[in-house]
Amino acid sequence: MEEIIRLYKDRIRIFLIIYFFSEDFHDSNNLNLVRVLYTETRIQKIDFLLRNPDYFALELLNLLPEKKHDRNQIKSIIIDIFKNREPEIRRLEMEKFFFGAYEDIDDVIAFLESYGFIVFKSKRNIELNVIDKQYYVTKFAKEKTDKILSEMDSLKWYIDRCEQIKQYFGDYTGTQLKNMQYEEETYRNTSYKEFIADVQEKVKTIFKKEFGENL
């Protein structure tokens, strides 16, 4: 039963990432495709932030020195994350591979494509490696998703978190997100195929220093 629930969550989560972080797409020769998200790296790194609320909180704290964002808004988001015990309840561990946090999403992508929610395109380089991965949202999926998003309370947390991640990191490429995540030593020092440890205590320490309050 747990495996079925996990499979369902993976499909929903990956689709919402593609849906929220894709950009408008127009092709007069293929009107069925309405949005596109480029690179699997971007999906994997956004997925890591979605599955690890403590890392999302840490990245928000790392934005404070730039003074480009509302300090009180960031504070409020982090307080809510810890008040709702998201780092324990929402955490879904990821292993570290050669290029950071990674989990095979081929089966999820195949499922979404088989039901007409996305169209996946890619190329192969001269070594026959799959490159230039593109994930297109279909018109059918957009219409269906636009209709049900506000009606499904079970998706509200995912929707809100996707919008928050997009607000602060939506313009980042996959490589930029990867580099950003590698700056955290706990993440960087994780060995190959080991689960990436949490950073709750580090977030609490920095938050105390920044705001003079305990989480």
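Before reading further, recall that the structure is shown in the block above.
How each quantity is defined
Residues numbered from 1 in each chain as written. Predicted model: local features only at pLDDT ≥ 70, side-chain atom pairs only at ≥ 80, totals over all residues. Heavy atoms only, no water. Helix = DSSP H or I, 4+ residues; strand = E, 2+ residues; numbered from the N terminus. Buried < 20%, exposed > 50% of the residue type's maximum accessible area, 1.4 Å probe, protein only. Contact = heavy atoms within 4.5 Å. Patch = residues over 30% accessible without salt bridge, like charges linked within 9 Å, V, L, I, M, F, W, Y side chains within 5 Å. Areas by Shrake-Rupley, 256 points an atom, 1.4 Å probe, with all protein chains shown as cover. Salt bridge = Lys/Arg side-chain N within 4 Å of Asp/Glu carboxyl O. Pairing = 2+ DSSP bridges. Axes fitted to C-alpha atoms, helices over the stretch in contact; angles between N-to-C directions. Left-handed = near helix turned anticlockwise from the far one by under 90°. Nonpolar A, V, L, I, M, F, W, Y, C, P; charged D, E, K, R; others polar. Phe/Tyr/Trp six-rings, centres within 6.5 Å; stacked < 30°, edge-to-face > 60°. Lys NZ or Arg CZ within 6 Å of the ring centre and 35° of its normal. Core = buried A, V, L, I, M, F, W, Y, C linked by side-chain atoms within 4.5 Å.

Details of the side chain of Glu86
Now for step 1: With respect to the helices and strands, the residue Glu86 is situated in helix H5 (residues 86–89).
Now for step 2: Taking the relative accessible area as the measure of exposure, Glu86 reaches 6% and is therefore buried.
Now for step 3: Beyond its immediate chain neighbours, meaning those up to four positions away, Glu86 contacts Pro53, Asp80, Ile81, Arg91, Trp157 and Arg161.

Some thoughts on a nonpolar patch on the surface
Now for step 1: On the surface, Met1, Ile4 and Ile5 cluster together to form a nonpolar patch covering roughly 350 Å² of accessible area.
Now for step 2: In this fold, Met1 is placed in the segment before helix H1 (2–21).
Now for step 3: Among the residues examined, Met1 registers a relative accessible area of 73% and is labelled exposed.

What about the sheet that holds strand S5 (residues 118–124)?
Now for step 1: Pairing is antiparallel across the open sheet formed by 4 strands, whose spatial order is S1-S2-S6-S5. Every interior strand has two partners, whereas the edge strands, strand S1 (23–24) and S5, have only one.
Now for step 2: Here S1 pairs with strand S2 (residues 33–38) via 2 bridges, running antiparallel. For Glu23, the partnering residue across the bridge sits in S2 and is Val36.
Now for step 3: Most of the contacts of helix H2 (residues 40–51) go to S2, to which it runs at about 75°, and overall it touches S2 and strand S6 (130–138).

A word on the environment of Gln44
Now for step 1: Within the fold, Gln44 resides in helix H2.
Now for step 2: Put simply, Gln44 and Ile105 are 61 residues apart on the chain and 8.8 Å apart in space, counted from C-alpha to C-alpha.
Now for step 3: Excluding its chain neighbours within four sequence positions, the residues that come into contact with Gln44 are Met94, Ala101, Tyr102, Glu103 and Ile105.

Observations concerning the packing of helix H4 (residues 71–83) against helix H11 (residues 200–211)
Two quantities define a packed helix pair, namely the angle between the axes and the distance from one axis to the other.
Now for step 1: Their axes nearest at 12 Å, the elements H4 and H11 cross at an angle of 140°. H4 and H11 meet at a crossing whose hand is left-handed. Across from Arg71, Lys75, Ile78, Ile79 and Phe82 in H4, the residues of H11 making contact are Gln200, Val203, Lys204, Phe207, Glu210 and Phe211.
Now for step 2: Considering only residue class, the contact of H4 with H11 consists of 6 nonpolar, 1 polar and 4 charged.

Focus: the packing of aromatic side chains
Now for step 1: Under the defined criterion, the tally for this structure stands at 19 aromatic pairs.
Now for step 2: The interplanar angle of 85° and the centroid separation of 5.3 Å between the aromatic rings of Tyr19 and Phe20 together place this pair among those described as edge-to-face. Side by side, Tyr19 and Phe20 carry an identical accessibility label, which is buried.
Now for step 3: When the ring of Tyr55 is compared with that of Tyr187, the centres are 6.4 Å apart and the planes differ by 65°; the resulting orientation is edge-to-face. Placement of the pair is Tyr55 in helix H3 (residues 53–63) and Tyr187 in helix H10 (residues 185–188), with a sequence separation of 132 residues. Of the two residues examined, Tyr55 and Tyr187, each falls in the buried class.
Now for step 4: Counting every residue linked through ring pairs, the aromatic cluster contains Phe15, Tyr19, Phe20, Phe117 and Phe140.
Now for step 5: Note that Arg11 overlies the ring of Phe111, its terminal NZ or CZ placed 3.6 Å from the centroid.
Now for step 6: Over the face of the ring belonging to Tyr136 we find Lys121, whose NZ or CZ atom lies 5.0 Å from the ring centre.

Thoughts on the nonpolar core
Now for step 1: Of all hydrophobic cores here, the largest spans 55 residues; its most connected members are Ile14, Leu60, Ile78 and Phe169.
Now for step 2: In terms of residue count, H1 provides more of this core than any other element does, 8 residues in total.
Now for step 3: Sequence-distant contacts of Leu60, defined by excluding residues within four places in its chain, comprise Ile74, Ile77, Ile78, Tyr168 and Phe169.

Concerning the pattern of salt bridges
Now for step 1: Taken as a whole and judged by the stated rule, the model has 19 salt bridges.
Now for step 2: Residues Glu93 and Arg91 are paired through a salt bridge, measuring 3.9 Å at the closest nitrogen-oxygen approach.
Now for step 3: Exposure remark for Arg91: the relative accessible area of 18% places this residue in the buried category.
Now for step 4: Here Asp132 and Lys123 are joined by a salt bridge, their closest N and O atoms 3.5 Å apart.
Now for step 5: Salt bridges here are not isolated pairs; linked through shared partners, they connect Arg6, Asp10, Arg13, Asp47, Arg51 and Glu103.

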